[in-house]
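Coordinates in review
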Amino acid sequence: MPATQKPMRFGHTEGHTDVCFDDLGSYIVTCGSDGDVRIWEDLDDDDPKSINVGEKAYSCALKNGKLVTAVSNNTIQVHTFPEGVPDGILTRFTTNANHVVFNGDGGKVAAGSSDFLLKVVDVMDCSQQKTFRGHDAPVLSLSFDPKDIFLASASCDGSVKVWQISDQTCTISWPLLQKCNDVINAKSICRLAWQPKSGKLLAVPVEKSVKLYRRETWNNQYDLSDNFISQALNIVTWSPCGQYLAAGSINGLIIVWNVETKECMERVKHEKGYAICGLAWHPTCGRIAYTDAEGNLGLLENVCEPSGKISSSKVSSKVEKDYNDLFDGDDANNAGDFLNDNAVETPSFSKRIINDEEEDDDLMLASGRPRQRSHILEDDDNSVDVTLLKAGSSFSKEEEEDDQANSIHNLPLVTSQRSFYDGPMPTPRQKPFQSGSTPMHLTHRFMVWNSVGIIRCYNDEQDNAIDVEFHDTSIHHATHLSNTLNYTVADLSYEAILLACESTDELPSKLHCLHFSSWDSSKEWLVDMPQNEDIEAICLGLGWAAAATSAMLLRLFTIGGVQKEIFSLPGPIVSMAGHGEQLFIVYHRGAGFDGDQCLGVQLLELGKKKKQILHGDPLPLTRKSYLVWVGFSAEGTPCYVDSEGVVRMLNRGLGNTWTPICNTREHCKGKSDHYWVLSCKLDREFRCMELADLMTQNAVNLAIKYASRSRRLILAQRLSELAVEKAAELAATQVEEEEEEDFRKELNAGYSNTATEWDSFIYFRERVCILLQYSLCLFLQASAASYFQKRPSQTDKTEDVKEEHPKKSASETPAMSPQNTENQRPKTGFQMWLEENRSSILSDNPNFSDEADIIKEGMMRFRVLSAEERKAWAAKAKGGTTSDGAEAKKRKHVVDESYETENEKEKAKENLNLPKKQKPLDLSTNQKLSAFAFKQE
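Residues numbered from 1 in each chain as written. Predicted model: local features only at pLDDT ≥ 70, side-chain atom pairs only at ≥ 80, totals over all residues. Heavy atoms only, no water.

Remarks on the overall build of the protein
Filter applied, for reference: Here a strand is any run of E in DSSP of at least two residues, a helix any run of H or I of at least four, and the numbering for each starts at the N terminus. Throughout, exposure labels follow a simple rule: accessible area from a 1.4 Å probe, protein chains only, divided by the maximum for the residue type, with under 20% read as buried, over 50% as exposed, and the rest as partly exposed. Any two residues having at least one pair of non-hydrogen atoms within 4.5 Å are treated as being in contact. Areas reported here follow the Shrake-Rupley algorithm with a probe of radius 1.4 Å; residue values treat only the protein chains shown as occluding.
Summing up its helical and strand segments, the protein has 15 helices and 49 strands in all. In the protein, buried positions account for 43% of the 937 residues. In the protein, the proportion of contacts linking residues at least 24 apart, taken out of those at least 6 apart, comes to 47%. Looking at the protein as shown, the accessible area adds up to about 50,700 Å², and 52% of this sits on carbon and sulfur atoms.

Quick look at the pattern of salt bridges
For the record, the criterion: The term salt bridge refers to a side-chain nitrogen of Lys or Arg lying within 4 Å of a carboxyl oxygen of Asp or Glu.
Applying the stated criterion across every chain yields a total of 23 salt bridges. Linking R133 and D505 is a salt bridge whose minimum nitrogen-to-oxygen distance equals 3.0 Å. Here the residue R133 occupies a position in the loop between β14 (129-132) and β15 (139-144), and D505 occupies one in the loop between β35 (497-501) and β36 (510-514), the gap between them amounting to 372 residues. A salt bridge links K187 to E207; its shortest N-O distance comes to 3.3 Å. Separated by 20 residues along the polypeptide, K187 in the loop between β18 (169-175) and β19 (193-194) and E207 in the loop between β20 (201-206) and β21 (209-214) bring together distant segments of the chain. Assessed through its relative accessible area of 38%, E207 is described here as partly exposed. One connected set of salt bridges, linked through shared partners, spans K6, D42, R287 and E301.

Some words on the nonpolar core
What counts is decided by this rule: Working definition of a nonpolar core: buried Ala, Val, Leu, Ile, Met, Phe, Trp, Tyr and Cys residues. They are joined through side-chain atoms within 4.5 Å.
V160, W174, L176, L177, L202 and V204 are the most contacted members of the largest nonpolar core, which totals 21 residues. If you list the elements that add at least two residues to this core, you get β16 (150-155), β17 (159-164) and β20.

Here's the deal with the UniProt feature "repeat: WD" (unreviewed entry) in the protein
Stated precisely, the cut-off is as follows: UniProt positions are given in the numbering used here, feature names are shortened, and annotations may be inferred rather than shown by experiment.
As recorded in UniProt, the sites labelled "repeat: WD" (unreviewed entry) are residues 9-41, 132-173 and 236-267. Split by type, residues 9-41 is 0% helix and 45% strand. Its first and last C-alpha atoms lie 14 Å apart. The span residues 236-267 shows a helical share of 0% and a strand share of 62%, and its end C-alpha atoms are spaced 14 Å apart.

Quick look at the side chain of Q582
We apply this condition: Here a polar contact is taken to be a pair of N or O atoms separated by no more than 3.5 Å, where protein atoms must pair a possible hydrogen donor with a possible acceptor and residues adjacent in sequence count only if both atoms sit in side chains.
Tracing the sequence through the fold places Q582 in strand β43 (residues 582-588). Only 2.8 Å separates the side chain of Q582 from the backbone oxygen of G636, close enough to count as a polar contact.

Re the packing of aromatic side chains
Put simply, the test is: Pairing of aromatic rings covers Phe, Tyr and Trp, the last counted by its six-membered ring, and requires centre-to-centre distances within 6.5 Å; plane angles under 30 degrees mean stacked, over 60 mean edge-to-face, and any other angle means tilted.
For the coordinates displayed, the defined rule picks out 16 aromatic pairs. Arranged with centres 5.8 Å apart and planes meeting at 65 degrees, the rings of F132 and W163 form a pair that is edge-to-face. Taken together, the residues F132 in strand β14 and W163 in strand β17 connect sequence positions 31 residues apart. Here F132 falls in the buried class, since its relative accessible area comes to 0%. Residue classification places W163 among the buried positions, given a relative accessible area of 1%. Arranged with centres 5.5 Å apart and planes meeting at 70 degrees, the rings of F830 and F862 form a pair that is edge-to-face. Note that F830 is positioned in helix α12 (residues 829-844) and F862 in helix α13 (residues 851-864), a separation of 32 residues in sequence. The class for F862 is buried, based on a relative accessible area of 2%.

Some points on the pairing of strand β49 (residues 657-663)
For clarity, the threshold we go by: Following DSSP output, two strands are said to pair if at least two bridges run between them.
Taken together, the six bridges between strand β48 (residues 646-651) and β49 define a ladder with antiparallel strand orientation. Paired with V647 across the strands is C662, a residue of β49. Hairpin geometry of β48 and β49 is characterised by an intervening segment of five residues between the two adjacent antiparallel strands and by a positive phi of about 70 degrees at G655.

Here's the deal with α13
Let me state the cut-off plainly: In a helix, the anticipated span is given by 1.5 Å times the number of residues less one. To obtain the arc, one takes the directions from the helix axis to the C-beta atoms.
Over its 14 residues, α13 runs 20 Å from end to end, which matches the ideal 20 Å to within 8%, given 1.5 Å per residue. I854, G858, M859 and F862 are the residues of α13 that are buried. Across the axial projection of α13, the buried residues extend over an arc of 140 degrees, all falling on one side.

Quick look at the sheet that holds strand β32 (residues 464-470)
The line we're drawing: Helix axes are fitted to C-alpha atoms over the stretch in contact, other axes to C-alpha atoms as well, and angles between N-to-C directions run from 0 to 180 degrees.
The strand order across the open sheet formed by four strands is β30-β31-β32-β33, and the pairing between neighbours is antiparallel. Two strands in the sheet have a free side with no partner beyond their single neighbour: β30 (444-449) and β33 (479-482). When strand polarity is set aside, the average angle formed by the axes of neighbouring strands in this sheet is 20 degrees. Two strands pair when backbone bridges link them, and strand β31 (residues 453-459) and β32 are joined in this way by seven bridges, in the antiparallel orientation. The residue bridging Y458 from the neighbouring strand is A465, located in β32.

Some details on the packing of α12 against α13
The condition is simple: Orientation categories follow fixed angle ranges, with anything under 35 degrees roughly parallel, anything over 145 roughly antiparallel, 65 to 115 roughly perpendicular, and all other angles oblique. Think of it as three bins: nonpolar holds Ala, Val, Leu, Ile, Met, Phe, Trp, Tyr, Cys and Pro, charged holds Asp, Glu, Lys and Arg, and polar takes everything else, Gly as well.
The geometry of α12 relative to α13 is characterised by a closest axis approach of 9 Å and an angle of 110 degrees between their N-to-C directions. For the element pair α12 / α13, the angle class is roughly perpendicular. Contact with α12, carried on its side by G829, F830, W833, L834, R838, S840, I841, L842 and D844, involves E851, I854, I855, E857, G858, M859, R861 and F862 of α13 and no other residues of that element. Grouping the amino acids of the contact of α12 with α13 by side-chain chemistry returns nine nonpolar, three polar and five charged.

Observations concerning the environment of K624
For K624, the position within the fold is in the loop between β45 (611-618) and β46 (627-632). Along the sequence, K624 and G595 sit 29 residues apart, while their C-alpha atoms lie 4.6 Å from each other. With residues up to four places along the chain from it excluded, the contact list for K624 reads D594, G595 and D596. A polar contact is formed between the side chain of K624 and the backbone oxygen of D594, at a distance of 2.6 Å.

Considerations on the sheet that holds strand β6 (residues 49-52)
One open sheet accounts for four strands, arranged β3-β4-β5-β6; its pairing is antiparallel. In the strand order of this sheet, the two ends are held by β3 (18-21) and β6, each with one partner. This sheet shows a mean twist of 20 degrees between the axes of neighbouring strands, independent of strand direction. When β3 meets strand β4 (residues 28-31), the two strands line up antiparallel, connected through four bridges. If you follow D18 over to β4, its bridge partner there is C31.

Section: α12
Our working definition: Axes are fitted to the seven residues ending at a residue and to the seven starting at it; the angle between these axes is taken as the bend at that residue.
Taking 1.5 Å of rise per residue, 16 residues should cover 22 Å, and α12 covers 22 Å from first to last C-alpha, within 8% of that figure. The largest bend in α12 is about 55 degrees, located at N837. The complete set of buried residues in α12 reads G829, F830, W833, L834 and I841.

Describing unusual backbone geometry
Cis geometry is found at the peptide bond from F81 to P82, where omega equals 5 degrees. Structurally, the position occupied by P82 is in the loop between β9 (75-80) and β10 (86-92). Phi angles above zero are rare outside glycine, and N74 is one such case at about 70 degrees. The phi torsion at C190 lies on the positive side, around 50 degrees, for a residue other than glycine.

Points about the environment of L599
Topologically, L599 is positioned in strand β44 (residues 599-605). In contact with L599, other than residues within four places in its own chain, are Q430, V574, V586, Y587, H588, R589, D617, P618, L619, L621 and L627.

A look at a negative patch on the surface
We apply this condition: Residues qualify for a patch when their relative accessible area is over 30% and they have no salt bridge, like charges being joined within 9 Å and the nonpolar side chains of Val, Leu, Ile, Met, Phe, Trp and Tyr within 5 Å. We score Asp and Glu as negative and Lys and Arg as positive, and we do not count His or the chain ends. One atom stands in for each charge, and that atom is NZ of Lys, CZ of Arg, CG of Asp or CD of Glu.
A contiguous patch of negative charge, built from D693, E721, E725 and E729, is present on the exposed surface. Structurally, the position occupied by D693 is in the loop between α6 (685-692) and α7 (697-709). You can call D693 partly exposed: its relative accessible area is 44%.

Things to note about the side chain of D22
Relative to the helices and strands, D22 is located in the loop between β3 and β4. Reaching out from D22, the side chain makes a polar contact with the backbone nitrogen of Y27 at a distance of 2.9 Å. Excluding residues that lie within four positions of it along the chain, D22 makes contacts with Y27, L62, F81 and P283.

Quick look at the state of the cysteines
This is how the line gets drawn: In what follows, a disulfide is any cysteine sulfur pair within 2.5 Å.
One pass over the structure, following the stated rule, counts zero disulfides. Left without a disulfide partner, C264 is nearest to the cysteine sulfur of C304, which lies 9.0 Å away. A relative accessible area of 18% means that C264 is categorised as buried.

Have a look at this one:
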């Protein structure tokens, strides 16, 4: 049945394109010169998912949920599939990468570039790289050997080379192609390919034919050609079974051969005759997807398939079910393990050649033990006589013997079989990242954005530079730096700018610091890392810089560039952050399962007394999430954020536990919204005041210190005012209501029953005024009496002195007691309690030297007492005051009576000394004073 050609459709803008299928054949993936990667569910998909990877995309490959692309910014990028989330950069070149391919198990990626280099990179650990040198012109294409032993490549220098991957040496080189100086000038892109599974043949499109080279002997086995081929062939691809080979030409012709019979099975002409530059065979059925140089996508169906063929997925399930039912009980657990694609492909291609090596592989269990042939159900209708196929093949007997020898030699090494495991699957480890940065594959990205400033990186065809901006320009002016070393990570503080780059084949990884706060003329320093050690994370602190490397080492430098510490990390670094003297490190402490990451954390203090706060404790994350940001709050508390938007902060008061404080996902308005964390701080000082109003006196005092150290002076001032108010309220509550009522009745102040701070102040002021007025009256009264009294004669004066001495001794002493009694304030219940408990307070707090501290502590303890105990102390104080007051009143009454008697006697004596004739009342004041002075003389 001839192949069916579907109408082509627009896929990308004009230019080079590439195409591939996913592992199950459910999606078609294309890339083009518009820089987009599109994921098609089918050729009729009117809304394919589009992922922009750069300005231009030259090649794409897909395996195990990883989509890699060769992009025009000289990088090999990785995205998750089918989500399309950027997953980092595998490697970089100095010029454009032209082709990228996966190996058989998807663990490695090979890429070729216009800088004449080839690289083989480990997908999970991009630091594991191998570089192949030997081409003298840009690399056109490359292909992995299915057994991961060899790597084939084609170049514009006209050669096709086969490399030994283990020792990176060239095994064989053929001068097959026309030489040129660039890929765009090449007559053919020469996309070569190895035969699947066995890897016995290497297919190379050369001019109008396909040359097949035999493995290890590297002899040209034969050529495949056709009379309808009028232009050079551009690309070849194998069917999954390895029996058929398809090729596309630069004039739009697609031809399919049966490799064994050399027969041309299909010929399809492009409807517009454009060059075929992308060709991919469906992994399970006879479908071929192709793209042309104008950005169009096409599809061929029923390629080399007999009519009435059922889908391979149905065949696979049916055959597996039959085999599972027919095997005996001993092998029931391994019934599905030995089955591979051969069970599917046999009914699809009736003329398939079954090699001894493949046949023996089918008879192997996952454990490497050969299965007995008697346990296999043979179907006479679908079976193929291996002897007849070998007799009809074009291979010599010597080659057949070599194949059998190789098959027996490689029998225990069954790479395609997988043991049965029905437990949790390990989670791929999270790659290192720099907090506050955007993905490295972006041409314009943020290297860091924190509370100090922003570092931007520009890496495109026009410019490769770094811009540094500070939020506070008084710290430092904006800076523009060249990025010739391709710096990938950066950090920024109030003291310095720290940059780091990955190692290349010629240069080691470097750490570069610009110390702009230095007082000498040397403002920067540069340190090279040892060989095979790349910097993966960096951070800055107060007077120090830290770098974590791929060798699981952390190197600690002074801000001037002196390496003062180096120690090993318990696991691969994830990220780290610095604040002041604190260093916050997050690393992999083990393997996570079922989508969870297993991370550990260390917290170090790097001051004069170095100590470790957190000793490798587990870092809690939300289920099936990963770490996206680590850092500190504005006051120096460690924080981090996971991919689910949960923000957690270290709670030192609860045994260094992690407390969730925010969920940013709850504040997102839509699914597309996302919060990018820069730092953790609180700018709402009014809310701080509201919270402080609910705190105790000691907590407010701590808040004042906290605000002062954080340079929030206005907040500290308001908290101080609040503390004064709280202290006044606390003192006011210690005065019992009954005592206040007694004082008000005594002074007739007319206070209300409710005592406030202002009432207490008014009460104290009026009491002082009354005492002062009373003392002044006594003084004036005594002065006036002594001043206007008539001077007696010498004899009278002597007698008066004798008489007055006993009176004076009897009257002056009790006269002072009322004044002292009035000035002496009665003790409260708190004062009596404080006198008895002062010794215990000082013993518990020996550092108290100020009386105010003792009183504050006493107030706190007195308030803890029950209401009955406080009333008892108040009653005790009141009882002592009442008795003392009664005695004082009695003494005052006696003194007042004696004082009045004495005044009466003095007035009577004064009246006797006066002249009998009274002065007229209308005399002037001067005349009165003159008469008084005359009498005194």
